[in-house]
Amino acid sequence: MTPPNLISHLDQLIFDNRFVRELPADPESVNSRRQVFGSCYSKVSPTPVSGPKLVAFSKEVAALLDLSVEVCESDEFINTFVGNRLVAGMEPYAMCYGGHQFGQWAGQLGDGRAINLGEVVNQQGQRWALQLKGAGLTPYSRTADGLAVLRSSIREFLCSEAMHHLGVPTTRALSLITTGEWVKRDMFYDGNPKYEPGAVVCRVAPSFTRFGNFQIFAARGDVDNLKKLVDYTIRTDFPHLGAPSPSVYVAWFEEVCRRTAQMIVHWQRVGFVHGVMNTDNMSILGLTIDYGPYGWLENYDPGWTPNTTDAGGKRYRFGNQPQIAFWNLGQLANAIYPLIGNIESLQQAIDSYGEAFAQGWQTMMAEKLGFEVFDTGSDDQLIEELQKLLQDVETDMSIFYRRLALVEMNTELADELLMTPLIEAFYVPEQLTVAYKTRFCRWLRGYIKRTQRNVVSGAERRRRMNAVNPKYVLRNYLAQLAIDQAEQGDYQLVGELLELLRTPYDEQPDKEKFAEKRPDWARQRAGCSMLSCSS
Ligand code: AMP
Ligand code: MG
């Protein structure tokens, strides 16, 4: 294969803005906050800023856009992806969507601080939509300022790329650029706002359409535009389903259900908690989208939610994500019902979510544990007991699974020896009572026996386990350390984490410290164990 010709000037990017071309635009061109009816988007330009500086860019995403490293370090790049200048072919716009927030219909939301620049077609013919987050007011900004702070932008930038390298479907991030301007935020919602550095992330995905884009038309009884958007989505992102028709709508919805199920299985595999699974934060492509107050499970606790706004009901807790995705799909089904008019077929389609999730979850758990196939006869019970054990004493999820591969497959070993490789995973040594260790080793011996039913060698089993149990994830406190440094003008750790998380399944001997469990100071610190939506 010949290497692609890398682009040396952004003006060489080829744009083909289908969304803008084929879907109805807001006829009003004034950039004022308002309800926008009968339109998929409003044309709006990014707001220029005074002193942009590049913090980081993703070389993999640059490559998707055929951009050379030189271009990514140029002033042209920085000014373009902070929103100071447009490149030939860009037609900026904000999307109109609605959504259910915390279970309640919230009406029109829309891109309140996201501005789409257009769709790039790369040399391989792939299409990538570019979107700036934090680039200023749009008609959908409601009471907010259209901006984003460095803290939340670092979290979005690093996590998008980390998730991609973990094999989790996600939107991507091209660049992270500070604006040189200050943004006022009341991080704890306690009446003590502070000024924080502003930043813009350029997100990249095949499409940024959310469940809420469909819901807004359904809620307003605008079936014409609902149909236009569904037909468009099928034509552009699901062309293999064929020409839109009522039966194709059902097949499409079923595929959305399956993709969503796969995404959630991945979240449960790596210990990712989204934190705000509102229907406006659900991608129609089954991509993880909108990195806000997300978090990573440290000690395994299905009841944990990182989002302080969610602390009361814990709707978006780790263990509830599969049910919430199902609920959200139910809202999407309601929205597209007028195009289908047949409850049973939609009901059948939505059942495919449960089937896909159950199947995906079993396969995923078998892989995490190093079994060749999931055996309902033995494995349900084994996993149930394991989940109790992991919660009864504080146990680091990532370290536990990674180190499980190191346990000696010998049931005759004494308890202490048997457990040795796993000791690193426990947070509180005093919790490891004799009774607990006895129970734990009983489980381990059952696990060893179960593993002995494998045909593959021990080395192959370990290789396979290491390919699904990451060594490195974006631990909450690591992101916070990078933020603390960056707020002092030092971007070294942002770059180091970006690099580390490119190969999360590899041993990186000089980076062991990033695989350690959460230090004690991070247990109760804001940004580490709990996050507000303020961003
Ligand atoms: P989120 O909870 O981040 O998914 O955001 C929910 C809605 O609020 C979306 O319509 C966002 O575009 C909007 N929003 C969030 N933060 C801001 C902001 N700083 N300025 C304008 N709109 C915002
Ligand atoms: Mg959102």
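Remember, it's a predicted structure, so these values are computed and weren't measured experimentally.

Participant: I tried to follow the site of ligand 1 on my own but got confused; where do I start?
Facilitator: In the neighbourhood of ligand 1, 17 residues make up the surrounding shell, with Gly110, Gly112, Arg142, Gly146 and Asn281 lying closest. For ligand 1, an oxygen atom lies 2.7 Å from a polar atom in the side chain of Arg142. At 2.9 Å, a side-chain N or O of Asn281 approaches an oxygen atom of ligand 1. Within the complex, the protein chains bury 81% of what would otherwise be the 480 Å² of accessible surface of ligand 1. By residue class, the composition of the shell around ligand 1 is 4 nonpolar, 6 polar and 7 charged. Shared between two domains, the shell around ligand 1 takes at least three residues from each, and those domains are domain 1 (10–212) and domain 2 (230–369).

Participant: Explain the side chain of Ser352 here, please?
Facilitator: Positionally, Ser352 belongs in helix H10 (residues 343–369). Judged by its relative accessible area of 7%, Ser352 is buried. Beyond its immediate sequence surroundings of up to four residues, Ser352 is in contact with Glu254, Cys257 and Arg258.

Participant: Is there a simple way to explain the coordination of the magnesium ion (ligand 2) in this structure?
Facilitator: Four donors placed tetrahedrally around a metal ideally meet at 109.5 degrees, and six donors placed octahedrally ideally meet at 90 or 180 degrees. Distances from the magnesium ion (ligand 2) to its protein donors, Asn281 (OD1) and Asp290 (OD), fall within 1.9 to 2.1 Å. On the accessibility criterion, Asp290 (13% relative accessible area) is buried.

Participant: Would you explain the nonpolar core in this entry?
Facilitator: Within soluble globular proteins, side chains that are nonpolar generally end up buried alongside one another. Among the nonpolar cores identified, the biggest contains 170 residues, and Leu67 and Phe81 are the most heavily contacted of them. Contact partners of Leu67, with chain neighbours within four places excluded, come to Leu6, Ile7, Leu10, Leu13, Ala62, Cys72, Phe77 and Leu174.

Participant: Can you walk me through the domain arrangement of the protein in this structure?
Facilitator: One widely used convention gives an interface's size as the accessible area the parts lose upon coming together. Examined at the domain level, the protein breaks down into domain 1 (10–212), domain 2 (230–369), domain 3 (379–453) and domain 4 (476–522). The distance between the C-alpha centroids of domain 1 and domain 4 comes to 25 Å. The interface of domain 1 with domain 4 comprises 19 residues on the first partner and 14 residues on the second. Where domain 1 abuts domain 4, roughly 1400 Å² becomes buried across the two surfaces, and 73% of that area is made up of carbon and sulfur atoms. Counting the contacts that link domain 1 with domain 4 gives 1 salt bridge. In this structure, Glu60 engages Arg502 in a salt bridge whose closest nitrogen and oxygen atoms are separated by 2.6 Å. Those elements that place two or more of their residues in the side of domain 1 that touches domain 4 are strand S2 (53–57), helix H2 (59–64), helix H5 (150–166) and strand S8 (172–185). When residues of the side of domain 1 that touches domain 4 are assigned to their parent elements, the largest contribution, 10 residues, is made by H5.

Participant: Sorry if this is basic, but what is going on with helix H6 (residues 211–219) here?
Facilitator: Helical geometry note: an α-helix holds 3.6 residues per turn, so side chains three or four residues apart project in the same direction. Counting buried positions along H6 gives 7 out of 9 residues, so the element sits mostly inside the fold. Next to the buried residues of H6 lie strand S3 (93–95), strand S4 (98–101), strand S5 (104–108), helix H7 (223–237), helix H8 (246–270) and helix H9 (321–340). Of the residues one or two after H6, Gly221 is the one with positive phi, at around 65 degrees.

Participant: Help me understand the pairing of S4 in this model?
Facilitator: Here 3 bridges tie S4 to S5, and the two strands are oriented antiparallel to one another. Paired with Gly98 across the two strands is Gln108, which belongs to S5. Between S4 and the antiparallel strand that follows it, S5, lie 2 residues; Phe102 among them carries a positive phi value of about 50 degrees.

Participant: Just checking my understanding: could you explain the packing of H8 against H9 for this structure?
Facilitator: Two measures define how a pair of helices packs: the angle their axes make with one another and the distance between the axes. Look at H8 against H9: their axes get within 10 Å of each other, and the N-to-C directions meet at 165 degrees. Classified by the angle their axes make, H8 and H9 are roughly antiparallel. Considering how the two elements wind past one another, H8 and H9 form a crossing that is right-handed. For the pair H8 and H9, the contacting residues are Pro246, Tyr249, Val250, Trp252, Phe253, Val256, Cys257, Thr260, Ile264, Trp267 and Gln268 in the first and Gln321, Pro322, Ala325, Leu329, Leu332, Ala333, Ile336, Leu339 and Ile340 in the second. Of the residues assigned to the contact of H8 with H9, the class counts are 17 nonpolar, 3 polar and no charged.

What counts, and where the lines are drawn
Residues numbered from 1 in each chain as written. Chains lettered and ligands numbered in written order. Predicted model: local features only at pLDDT ≥ 70, side-chain atom pairs only at ≥ 80, totals over all residues. Heavy atoms only, no water. Near = heavy atom within 4 Å. Polar contact = N/O pair within 3.5 Å; in protein donor to acceptor, adjacent residues only side chain to side chain. Areas by Shrake-Rupley, 256 points an atom, 1.4 Å probe, with all protein chains shown as cover. Nonpolar A, V, L, I, M, F, W, Y, C, P; charged D, E, K, R; others polar. Domains from an automatic or database assignment. Helix = DSSP H or I, 4+ residues; strand = E, 2+ residues; numbered from the N terminus. Buried < 20%, exposed > 50% of the residue type's maximum accessible area, 1.4 Å probe, protein only. Contact = heavy atoms within 4.5 Å. Donors = N, O, S within 2.8 Å, 3.2 Å for Na, K, Ca; no water. Core = buried A, V, L, I, M, F, W, Y, C linked by side-chain atoms within 4.5 Å. Buried area = accessible area lost by both parts, 1.4 Å probe. Salt bridge = Lys/Arg side-chain N within 4 Å of Asp/Glu carboxyl O. Pairing = 2+ DSSP bridges. Axes fitted to C-alpha atoms, helices over the stretch in contact; angles between N-to-C directions. Parallel < 35°, antiparallel > 145°, perpendicular 65-115°, else oblique. Left-handed = near helix turned anticlockwise from the far one by under 90°.

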